[in-house]
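Summary of structural features
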Amino acid sequence: MFLSIATTLYPATDLGFLLHKHPDRLHETDLSFGKAWLFYPEASEERCEAALLLDVDPIGLVRGKGQADGLLDQYVNDRPYAASSFLSVALNKVLRTAMTGISKERQQLADSNLPLEAVVAPLPMRGGEAMVRQLFEPLGWTVELTPIEAGGTSTGELRYGHLKLSGLGRLSNLLNHLYVLIPVMDDAKHYWVGEDEVDKLLSKGAGWLESHPARELIARRYLRNRSVLARAALARLVPEDAGEAAPIEPRNTPEEALEAPVRLHDLRMDAVVSAIRAIGGTVIADLGCGEGKLLDRLVRERWVHKLFGLDPAARELGWAARRLKLNEAGGPPEGRVTLLHGSLTYRDSRWAEADVAVLVEVIEHLDQDRLPLIEQIVFGEAAPRAVIVTTPNADYNALFPNLAAGSFRHPDHRFEWSRAEFQAWAAKIEKRYGYVAEISGIGIEDAALGAPTQMAVFSR
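Predicted model only: the values in this text are computed from it and were never measured.

Some details on the packing of helix 8 (residues 171–186) against helix 9 (residues 195–204)
Helix-helix packing is characterised by the crossing angle of the two axes and by the distance between the axes. Two elements in contact, helix 8 and helix 9, have axes whose closest approach is 9 Å; the angle formed by their N-to-C orientations is 145 degrees. Classified by chirality, the crossing of helix 9 by helix 8 is left-handed. Contacts between helix 8 and helix 9 involve N176, Y179 and V180 on the former and, on the latter, K200, L201 and K204. Its residues placed into classes, the contact of helix 8 with helix 9 shows 3 nonpolar, 1 polar and 2 charged.

Quick notes on empty space enclosed by the protein
Under the criterion given, the structure shown has 5 cavities of 30 Å³ or more. By volume, the largest cavity is sized at about 70 Å³. Lining the largest cavity are L359, I363, L371, I374, E375, V378, F379, V389 and W425. With 5 residues, the top contributor of residues to the lining of the largest cavity is helix 16 (residues 371–382). A class-by-class count of the residues in the lining of the largest cavity yields 8 nonpolar, no polar and 1 charged.

Details of helix 16
Helix length check: helix 16 (12 residues) gives 15 Å between terminal C-alpha atoms against 16 Å at 1.5 Å per residue, within 8%. Buried residues along helix 16 sit in contact with helix 5 (96–100), strand 8 (283–287), strand 12 (386–392), helix 17 (419–433) and strand 14 (453–459). Of the residues one or two after helix 16, A383 is the one with positive phi, at around 45 degrees.

Some thoughts on unusual backbone geometry
Along the chain, Y10 connects to P11 via a cis peptide bond; the corresponding omega equals -10 degrees. Summarising the element assignment, P11 is placed in the loop between strand 1 (2–7) and helix 1 (15–19). Here A121 and P122 are connected by a cis peptide whose omega angle stands at -15 degrees. Among the secondary structure elements, P122 is positioned in strand 5 (residues 114–124). For E361, which is not a glycine, the phi torsion comes out positive at approximately 50 degrees. Residue classification places E361 among the buried positions, given a relative accessible area of 10%.

Focus on the packing of aromatic side chains
In this structure the tally under the stated criterion is 11 aromatic pairs. Measuring from centroid to centroid gives 6.1 Å for F379 and Y433, while their planes differ by 25 degrees, and the two rings are stacked. Remark: Y433 occurs in helix 17 and F379 occurs in helix 16; sequence separation between them is 54 residues. Grouping residues by exposure puts F379 and Y433 together as buried. A network of ring pairs unites the aromatic residues F379, F415, W417, F422, W425, Y433, Y435 and F458 as a single cluster. Over the ring of F17 we find R106, and its NZ or CZ is 4.0 Å from the ring centre. Above the face of the Y179 ring, K204 is positioned so that its terminal group lies 5.0 Å from the ring centre.

Quick word on the side chain of T29
Along the chain, T29 falls in strand 2 (residues 27–31). Those residues in contact with T29, other than ones at most four positions away along the chain, are K35, A36, K93 and V94.

Some points on the side chain of Q376
Mapped onto the fold, Q376 is located in helix 16. Looking at Q376, its side chain comes within polar contact range of the side chain of E381, at 2.4 Å. When residues no more than four places from it in sequence are discounted, the contact partners of Q376 are I102, E381 and Y433.

Remarks on the nonpolar core
In this structure, L54, L135, F136 and L178 are the most contacted members of the largest nonpolar core, which totals 69 residues. At 10 residues, the largest contribution of residues to this core is made by helix 8. Sequence-distant contacts of L54, that is, excluding residues within four places in its chain, are made with M1, L31, F33, K35, A36, F86, L87 and A90. Formed by 29 residues, the second largest nonpolar core is a distinct cluster that contains L340, I374, A426 and Y433.

Quick word on helix 17
Counted at 1.5 Å a residue, the expected span for helix 17 with its 15 residues is 21 Å, and the 21 Å between its end C-alpha atoms agrees. Along helix 17, the residues that are buried comprise F422, W425, A426, I429 and Y433. All buried residues of helix 17 lie within an arc of 100 degrees about the axis, which places them on one face of the element. The exposed set on the far side of helix 17, more than 90 degrees from its buried face, consists of A420 and K431. Taken together, the buried residues of helix 17 touch helix 16, strand 12, strand 13 (436–442) and strand 14. Two residues or fewer after helix 17 comes G434, characterised by a positive phi angle close to 75 degrees.

Definitions and cut-offs
- Residues numbered from 1 in each chain as written.
- Predicted model: local features only at pLDDT ≥ 70, side-chain atom pairs only at ≥ 80, totals over all residues.
- Heavy atoms only, no water.
- Axes fitted to C-alpha atoms, helices over the stretch in contact; angles between N-to-C directions.
- Helix = DSSP H or I, 4+ residues; strand = E, 2+ residues; numbered from the N terminus.
- Left-handed = near helix turned anticlockwise from the far one by under 90°.
- Contact = heavy atoms within 4.5 Å.
- Nonpolar A, V, L, I, M, F, W, Y, C, P; charged D, E, K, R; others polar.
- 1 Å grid on protein atoms, 1.4 Å probe; cavity = no way out; pocket = protein on both sides within 12 Å on 5 of 7 lines; lining within 4 Å.
- Points joined across faces, edges and corners; volume = space filled by probe spheres on them.
- Expected span 1.5 Å × (residues − 1).
- Buried < 20%, exposed > 50% of the residue type's maximum accessible area, 1.4 Å probe, protein only.
- Phe/Tyr/Trp six-rings, centres within 6.5 Å; stacked < 30°, edge-to-face > 60°.
- Lys NZ or Arg CZ within 6 Å of the ring centre and 35° of its normal.
- Polar contact = N/O pair within 3.5 Å; in protein donor to acceptor, adjacent residues only side chain to side chain.
- Core = buried A, V, L, I, M, F, W, Y, C linked by side-chain atoms within 4.5 Å.
- Arc of directions from axis to C-beta.

The structure is reproduced here in structure tokens:
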């Protein structure tokens with residue numbers, strides 16, 4: 001199966017900087033189901049084209065998996081040949097950085113609308129040409145379809161096609177459109193679809209899926225027609241589409257319940273507010289604001305001029321709006337508090353004017369392999385005057401009587417750092433982005449294990 005991306009914007013060879021792949025080299029990537037190659041069939045200043053060729057091992061796909069679906073069905077199918085979720089996985093593996101929209105050498109170009117062409121062949125047409133147009137045309141792409149196989153169905157409709165997309169757009173947007181919509185056209189996945197696929201869909205669909213007229217179809221097909229997952233995705237994406245929700249009640253997380261005896265939540269809020277005041281910040285972005293507890297503290301301070309709250313969960317933002325009484329009598333003046341539905345994994349100019357960014361107990365909820373991307377967005381791209389980060393001190397966990405050895409404080413935590421690990425991470429930020437970090441503890445310190453929470457105040 002084959003995917004290519006091309007541009008004619010002079011000098012077109014700058015495409016290599018955006019893809020992070022040199023045009024003069026053959027780039028080979030091993031995958032669990034085969035091998036992918038990225039190469040440049042054409043690389044001139046007038047036109048540059050990058051091609052991703054995927055070779056799926058059909059024997060490896062079924063080796064050792066038994067014959068529950070029938071031996072013939074396992075070996076005779078279109079999985080090794082037609083564009084599918086295999087191609088999306090390869091795309092994410094080979095061009096992951098390009099999909100984030102980050103380019104160290106050509107960031108202005110990565111942020112620009114370029115003349116782009118994309119070719120996918122062969123593309124499964126489960127839904128026909130009308131569905132292809134329904135998916136791609138609302139995103140601004142011109143669709144050209146050439147039949148590869150017209151027969152084979154009871155209605156004689158197109159089964160496979162050669163798809164060409166063209167138009168003006170950001171390269172990262174095009175790559176994310178393809179990542180999501182190729183499996184939608186195939187209407188299948190080669191791997192088990194669980195709740196983590198909802199997060200992937202919302203991450204790759206950020207900024208476009210919520211306004212797509214076919215978002216319900218996209219969610220359902222991407223999640224392999226698992227209605228429970230599709231409803232959950234739509235509820236997080238566009239809450240109003242999920243029907244009238246019951247009022248959201250505040251609740252204590254397992255972490256808050258664990259930390260309650262030492263009043264850690266209150267102490268953490270006090271420490272963060274004091275740090276912002278000492279910095280002299282007046283425009284603050286709470287990144288991962290959740291229910292708006294920190295915003296609720298800050299909105300009462302006269303020295304705070306403007307607040308932004310960013311969170312990927314629409315329901316959390318709904319509770320934050322209620323807590324802050326936005327657009328209600330007694331609430332803050334219009335424009336003083338702005339709640340933003342979005343993800344830290346994407347550049348977001350809506351909070352760019354903040355002079356202080358705050359991540360309170362946020363980073364530990366992220367996979368560690370995604371931290372470099374978030375570091376680049378917060379410290380490298382937004383680059384506010386100061387950044388405040390708090391995170392649990394894993395050394396202190398031994399002092400919680402109800403926490404099993406080796407466990408995390410919250411089931412959603414992906415990691416928890418010791419003091420040495422947090423200091424090493426802060427030193428890396430200092431070196432790479434030109435900040436100076438001041439690290440302190442929050443809560444009553446143990447002589448050997450330190451404080452329960454650690455905080456770094458990065459100043460540029």
